[in-house]
Each structure stands twice: as structure tokens, then as C-alpha cells.
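Descriptive analysis of the structure
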Amino acid sequence: MVEQAQAVVIGGGVGGTSIAYHLAELGWHDVVLVDRAGLTSGSTFHSAGLVGQLRSSTTLTRMMMYGAGLYRRLTAETGVDVSWHEVGSLRLASSPARLEELRRQVGWARTFGLPLELVSTREAHDLFPLFDPEGVLGAVFLPTDGWLDPSNLAFALAAGAKARGARILTEHRVTGISVEGGRVRGVVTDRGEIRTDVVVNAGGMFAPEIGRLAGVTVPIIPMAHQYLLTKPIPGVRPDIPTMRDPDNLVYFREEVGGLCMGGYERDPAPWSLDGVPPDFNGRLLAPDWPRFAAIMDGAVRRVPAIADAEVTRLINGPEAFTPDNEFILGESEVRGFFVAAGFCAHGIAGAGGIGQQMAQWIVGGEPELDLWKMDIRRFGAQYRSQAYTLARTFETYATYYDIHYPNEERQAGRPLRLSPAYEELRALGAVFGEKSGWERPNWFEPNAALGDEALRPHGWAGQHWSPAIGAEALATRQAAALFDESSFAKIEISGAGALAFLQRLCANDVDRPVGSITYTQMLNTRGGIECDFTVTRLAEELFLIVTGTAFGNHDLGWIRAHLPADGSVRVRDVTSSRACLGIWGPRARDILAPLTRDDLSNEAFPYLTAREITLAHVPVLALRVTYVGELGWELYPPSEYGRGLWQTLWEAGRAQGMLAGGYRAIDALRLEKGYRVWSSDITPEETPYEAGLGFAVRLDKGTDFIGREALLARKAAGPRRRLACLVLDDPRSVTLGNEPVRIGGAIVGRVTSGGYGHAVAKSIAYAYLPPERAVPGTRGEIDVFGAWVGAEVVREPLWDPAGERIRS
């Protein structure tokens, strides 16, 4: 029995073996992988083995591309044949909406250099002659996709890890995780304990059980997933591509002259919610032909030959799915306890990239790529509820092959987290969206009558849209609007060491007088932006951070990971203790002034300052700050006063032409003002200088803050790229993010975010471009659903470039 290791990886599937392989590759040779049974005995052995590279996010696509490259060379490197078949992949469009989706994917693929091409139905049929072309409108083909043997992939990765010194211990059941002082210290198995400071929970469908041993929630639901295998079918060649027909919910690949066919049914079957049986190793579930009937119907419609083919086996095996259909990766709240699980039936394609990123995270302290959408910290406390996790996961599986339009709102598990003013918002006709469990108004439908339907964007951007968005945005510019932002995450930093701690983490200088608000970023060691928020100094040793609703857990995790061990700094999540109402617009001061005896003049209450004031009967922490580019305040009353404050402000503002506003108007307004969004415009991969946020960096503040050395090196070398503002020639061609930008005939970047600016009457897009291309006046084109639309780089911000309105 091994007694000590640099790292212990729990789980012998493709995820665990890939992590062990990549840790060893980075020089961690004292790595131990343990599994309760044998390698591949969980979900890996019954996976279908498809490897597709183009995915819904930049990071996931890059991870998949790395994996495909790894699989091409792994057999030669390890001597274990992974049976890599680089036959390409087809995706069919059996509806006009699906064809539009495929056109968007072609543009998306161009930004990676992936050779995805839109092909005709005839060309697709030539590649896969068995499918019935009736109703097929077109397809895309990616020649570098393929499939492999999942078990042999795991064996090859294990062999590669062992060759570099890692040890593989099968038949070692984990019975406990040793945690001391909030940090992992060892793994207890039925054969003894292994002391270690790094544990990776790569247990697949067993990951929740392993997580509980360390006090960590891993929100995963095992779903029974089925596919069948047939005997040889005439016309099936070894080189036919894999094929997906999402409108019929099915996928296909070749298997020994026959077909492997499966899909994602609308009535999924969660399995073993009380825990995976202790002896469920290398086993399958009984075939469920009635549930497979809908999949079979779709398969026969598309490939009629499968109706008469002899089925050799119907595979029914549990796969670990997550509430949002994204991987669960990263370090948990227990220091040193990492999770890599919940692969949602695309873990074979993702295993290579998962192993690479996890190894870099473990060894270097941070991942190379922006992994926020996969980060375990994205899940709030509500996911401790299995019922909530089940409802959300059921929905993602049932809609696996659906077209998911931007701004689509999920329905499962709602409503859950409600602002104090929720009933007031609902009475005013709020159309709610959801973020991190919070119900938030996207817009107020009665305001649609004040908007312009003629501005509805073309195509997908016109889905989940209302003229109310424009009406609310223009009211903010011309009069005032009232927004409920109670979902904003609020973090309190206090203690004798609070100032020094924040100075070490923040790129800007937060050592300012009490009552000051500082806009800043926290950076990683590469100078990339990990956090983006405001810091308000409430007292000498008390600071309030306000950050985005979805980023609170992330930012808390980053902050807590750097806490000093001497106890001089305390961190508290105070999100639920205060509501937040934002009132902005040229009449904001006129609306508030009659409600208070406090002086709200610009001289007494300037921009980027905070004060305790009283509005009517309500005590409020007022922050003069804006994310929309207008005069106004964020008002933070204790939560129990939130509803009353909304009522007071609403009655006071109606005579001034104030409207209730939603988050879609905020997004349109911030685009006009050039305000960035973390996770799209700015990520851990971009520096403040590249993002146009150099004004928020103080290299000379006297503190060697995290990322400073990297910024100095980047500044000396010059920027690799710059975030630029582009205006499209066609105002109704609105970008959604990830569209390719072409200048001088070459793809030079992709859109980070875009939308329509109602006050400037322009379609706005932001994209990182080479510095020489980011010059105002540069002409280019943006691919909007297959049509190249002219665009021009312009000076930003488009609205109030001198910042006079916010300081008025």
C-alpha cells in the first residue's frame, strides 16, 4: 500500500486517467490513481466513443481540439491502440431553424481554423449514403472529427501515466477523505490511507458520494443513456463519417460493418438517486425498449435501413449529467480537493482537454483557459438540494438536441430566489429571467407599447426580444429608469489586515478615504482578469465588494484562496442582507431629492462615492456609481426595507417619466458606454491593457499585487491584441457573440459581445483585434449567420465619451 503521494486521483475512467497522464507529463511523477474496481468500470466502458470538436463555448472547443490532437498520437506514444477513426462528422439540418444554426456554426468554426463546411444535402448523402434525404435542407461536415474505443483510450492514458512514474491501484475503494483545517490531507481506502495535499475526485457518477466524504456538494444526476449496435448492413463502409440528426434526436457511427445508433429522448430516466450500488462495477442496466421507441422512430425516419437491421445489443448505461450540461471542474471550497466529473455524455471527446487543464490548474495554481462555465464554484447552495438538481438536470437532458437561442431562459426549479420587491415587479408586468436561482426582470412587457417593433433584430437576435427593451433604455437616457439589482453578489472584507490584503489582490489602488468607490480587477499570475468589480471603503477596516450575480461564488473562491493564515482578514457573503435598487437617468436626482434631507448635489455627493442616507422611511447605503452611463445611484437598504423602497421610488418617479427597467436594457446601455462584461469581454485570458482597462491599474501603488510582474512584461512587449468597438452597417444585423471578424480578407478575431444601442441607433459589437487592426476607421466584416455584414472600428464609448453625464 502506498502511504504518501503528491496527488491522488480517484476514478479510473477517461477523466481520471487523463488527469494522471497530464500531471505526470508536467513532472508530477508521484501520482497515485485509485479505483474501487478496475479501470473503465464506471461509465467509460459503455460510452459510444464519438469525438466532436466544435462546441458551444470557446474554451470547450479548444479543449476538444486538443483532445483530438492527443488521440491521433496516443497509440504511437503508448503502444495501446485507441482505435482512432478520423472519418469526419456530419450534422444534418431537418428544419429551417436548424439550417440557420449550422450557418452560425460555420462562422464560429472559422475563428478556430476548424475546416467545418456547409454542404448540400446531395454532398452529405454522398458521404453517408444510407440516410434518407427527404426533408434534409443541408448539413455541415468537419473532416477532422472521429470516434475511438473509450476503454482503450483510458488504458492508453494510464499506460502513458505509468511510463512517467504514476501508480495505478485498482480494487481500492475510497471510504474517507481526511480534511484538516479546511484543507485535504489524505485519502482513506479499504486498504489503508494515502497522505496527500491534492485529491482529484474524478469519480464520474460516483463523484457525489466521494464529494460528501469531504463535505463537498457535487451536483450530478446519473441518467440512463441508451444506444444500439447492429450486425453488418449493406452499404456501411468503415470510412463513413459519424452523423447526427438533432431534429430527430439521433446519432450514428459505423461499428464493424453495422451501425451504432443512439440519441437523447424527451423523457429521460434518472437512475439510482439514492446512491450508486456498491457492487455496480462494469455493469449495465436492463434494456428499456419502450423508452427507446422515440429514438428508434427518429432513426428509421432518417436511416430506413436500420428498421430491418438485426440488432445485436441495446446498451443501457448510466451517465453522469449536470444541471447545466457543462463539466464540473476545479478546486472546491476544501483546499486541495479538486473535482473533475459530470461529463454529460461527451467526456470521451473532452477527456484530453480535461486532463490537460486540470493538471495545469493543480500544478500551476490556475488553469490556462477560462474555465468559469465549468468551474464547480458556479453552483450555489441551492444545489445541495437533490430535488432542485434533479429538476435542472432533467431539463438539460430532455432538451439536449434542442436549438438553444441566446437569451433563452430555463424553466426548471423556478421561482427560487426572490427579491424583496418581487411582487411589485410582477404586478408591473415583469418578464422574468433567472440567474443563479434569482428571478430578475428582463423587461416589463407593458413598456412594449412605448417601443418600436420595427427595430426587432434579424434572425436569432430577434428571438426572446421585446420592443420594451428599447423603451426602457431610452427612458434611462431621457428621463429615468428604476432597476431591481438585488441579485448582485455582495462580499464584505474586514479586519486589521483587510486593506493590505485587498492591495495585494487588486490591480487598482483601494487605499482611498472612507466613502470612496474603486473600480478594479483582480488578476492571476499571468495578468489575466480573474475578477472585475467595485470596492467601496465603508470604514478603515471594512470594505464592500459588489460583483455580478453569477460571479459571486467565483470571486469569493478567488478571494478566500488567498486569505492570510493569521486570521487578520474576514470574508463574508452578505448578498442576502441587502436589496439593491438602481435609479439612473438625467432626472434621478430630481426624483430622489424630495425624499431625503441629505444633500445629493454633485458637490456634496460626487461620482464614485458612498454615503449612508435616508429615503422616506428607509435607511440606505447609497453608492453613486453606474453601469449604464447616466447620473444615478445604487441604493442598498437592508433587505426587509426593499419592497417599501421600491414602492416609494416608483410613486416618486412616475410623474418624472420614469419607467421600470430590466436587465436587457442594462445590457444595451452598457454597450453604448463601453462597459465590459466579465466572462465574455474580459476573462482570465486577457489583461487590463488588452481590454482597454489600463486606467484601472496602478503599477506604482507601492504593493506588488498579483499579476503585476506579468503586466510589466506585457506592457514592455506591447499588446498582442486590443478590444475594439465596431459598428455594423446594418443596424438590424445584431451580433450575439463568437461571430468571426474579417479584415483584409483574413479572420482576425471573434465577437465577444454585441447588441443594439437604442440611443445611438447602431448595432454594436466588441472584438479583440490585432493592434494594427483596432484603429478607428478600419473597415471589416462580421459573419452574421452566413452573411458578411460591413463594420467599422470606431472610437469608444459611443455614448457620452467625456463622461459628463455620470458626473453631472
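For the structure, see preceding data.
Reference entry: report on the structure contained in this document. (Residues numbered from 1 in each chain as written. Predicted model: local features only at pLDDT ≥ 70, side-chain atom pairs only at ≥ 80, totals over all residues. Heavy atoms only, no water.)

**What to know about the packing of aromatic side chains**
As enumerated under the stated definition, the model contains 26 aromatic pairs in all. Both rings, one in Phe 321 and one in Tyr 397, keep their centres 4.9 Å apart while their planes meet at 65 degrees; by these two values the pair is edge-to-face. Of this pair, Phe 321 sits in strand β17 (residues 311-321) while Tyr 397 sits in helix α9 (residues 386-398), and the two are 76 residues apart along the sequence. Taken as a pair, Phe 321 and Tyr 397 share a single burial class, namely buried. Among the aromatic residues, ring-to-ring pairing joins Tyr 251, Tyr 264, Phe 321, Tyr 397, Tyr 400 and Tyr 401 into one connected group. Seen from the ring of Tyr 663, Arg 440 lies directly overhead, with NZ or CZ sitting 3.6 Å from the centre. Geometry around Trp 633 places Arg 624 over its ring, the cationic atom sitting 5.7 Å from the centre. (Phe/Tyr/Trp six-rings, centres within 6.5 Å; stacked < 30°, edge-to-face > 60°. Helix = DSSP H or I, 4+ residues; strand = E, 2+ residues; numbered from the N terminus. Buried < 20%, exposed > 50% of the residue type's maximum accessible area, 1.4 Å probe, protein only. Lys NZ or Arg CZ within 6 Å of the ring centre and 35° of its normal.)

**Side note on helix α16 (residues 663-673)**
Of all eleven residues making up α16, ten are buried, and the element is well covered by its neighbours. Among all positions in α16, only Tyr 663, Arg 664, Ala 665, Ile 666, Ala 668, Leu 669, Arg 670, Leu 671, Glu 672 and Lys 673 are buried. On its buried face, α16 is in contact with β21 (438-444), α11 (467-478), β22 (481-484), β35 (746-757) and β36 (762-769). Backbone geometry just after α16 places Gly 674 at a positive phi near 80 degrees. (Contact = heavy atoms within 4.5 Å.)

**Thoughts on the pairing of strand β9 (residues 174-180)**
Within a regular strand, the side chains alternate between the two sheet faces. With six bridges connecting them, β9 and strand β10 (residues 183-189) associate as antiparallel partners. Its bridge partner lying in β10, Ile 177 is registered against Val 187. Between β9 and β10, which follow one another and run antiparallel, lie two residues, and Gly 181 among them has a positive phi close to 60 degrees. (Pairing = 2+ DSSP bridges.)

**A closer look at unusual backbone geometry**
Each neighbour pair has its own omega, and for Arg 414 with Pro 415 the value is -10 degrees, a cis peptide bond. Among the secondary structure elements, Pro 415 is positioned in the loop between α9 and α10 (422-427). Here the amide bond leading from Glu 796 into Pro 797 is cis, since omega sits at 0 degrees, within 30 degrees of zero. Although it is not a glycine, Cys 344 sits at a positive phi angle of roughly 55 degrees. The residue Cys 344 is located in the loop between β19 (337-341) and α8 (347-364) in this model. Residue classification places Cys 344 among the buried positions, given a relative accessible area of 0%. One non-glycine residue, Asn 738, lies in the positive phi region at around 85 degrees. Mapped onto the fold, Asn 738 is located in the loop between β33 (722-728) and β34 (740-743). With a relative accessible area of 22%, Asn 738 lands in the partly exposed category.

**Regarding the sheet that holds strand β13 (residues 221-230)**
Taken together, the eight strands give an open sheet; going across it, the order is β5-β6-β4-β14-β15-β16-β13-β17, and neighbouring strands pair in mixed fashion. Looking along the sheet, the strands with just one partner apiece sit at the ends: β5 (117-119) and β17. The sheet shows a mean angle of 25 degrees between the axes of neighbouring strands, taken without regard to direction. Direction of pairing for strand β14 (residues 242-245) relative to strand β15 (residues 250-255): antiparallel, over a ladder of three bridges. (Axes fitted to C-alpha atoms, helices over the stretch in contact; angles between N-to-C directions.)

**As for empty space enclosed by the protein**
Tallying each qualifying case throughout the model produces one cavity of 30 Å³ or more. Volume-wise, the largest cavity comes out at about 40 Å³. Lining the largest cavity are Ser 419, Leu 425, Trp 438, Glu 439, Arg 440, Pro 441, Asp 484, Ser 486, Ser 487 and Tyr 663. Counting residues per element, the lining of the largest cavity draws most heavily on β21, at four residues. Class assignment of the residues belonging to the lining of the largest cavity gives a composition of four nonpolar, three polar and three charged. (1 Å grid on protein atoms, 1.4 Å probe; cavity = no way out; pocket = protein on both sides within 12 Å on 5 of 7 lines; lining within 4 Å. Points joined across faces, edges and corners; volume = space filled by probe spheres on them. Nonpolar A, V, L, I, M, F, W, Y, C, P; charged D, E, K, R; others polar.)

**Description of the pairing of strand β2 (residues 31-34)**
Across the two faces of β2 the burial is the same, with Val 31 and Leu 33 and Val 32 and Val 34 all buried. The pairing of strand β1 (residues 7-10) with β2 spans four bridges and is classified as parallel. The partner of Val 8 across the bridge, within β2, is Val 32. Taking the sense of rotation as the criterion, the β-α-β connection linking β1, helix α1 (residues 14-25) and β2 turns out right-handed. Pairing between β2 and strand β8 (residues 167-169): three bridges, direction parallel. Paired with Val 32 across the bridge in β8 is Arg 167. (Right-handed = clockwise from strand over helix to strand, strands pointing away.)

**Thoughts on the packing of α1 against helix α2 (residues 58-78)**
Two elements in contact, α1 and α2, have axes whose closest approach is 14 Å; the angle formed by their N-to-C orientations is 80 degrees. Taken together, the axes of α1 and α2 lie roughly perpendicular to each other. Here α1 contributes Tyr 21, His 22 and Glu 25 to the contact with α2, which in turn contributes Tyr 66, Leu 70, Arg 73, Leu 74 and Glu 77. In terms of residue class, the contact of α1 with α2 is built from four nonpolar, one polar and three charged. (Parallel < 35°, antiparallel > 145°, perpendicular 65-115°, else oblique.)

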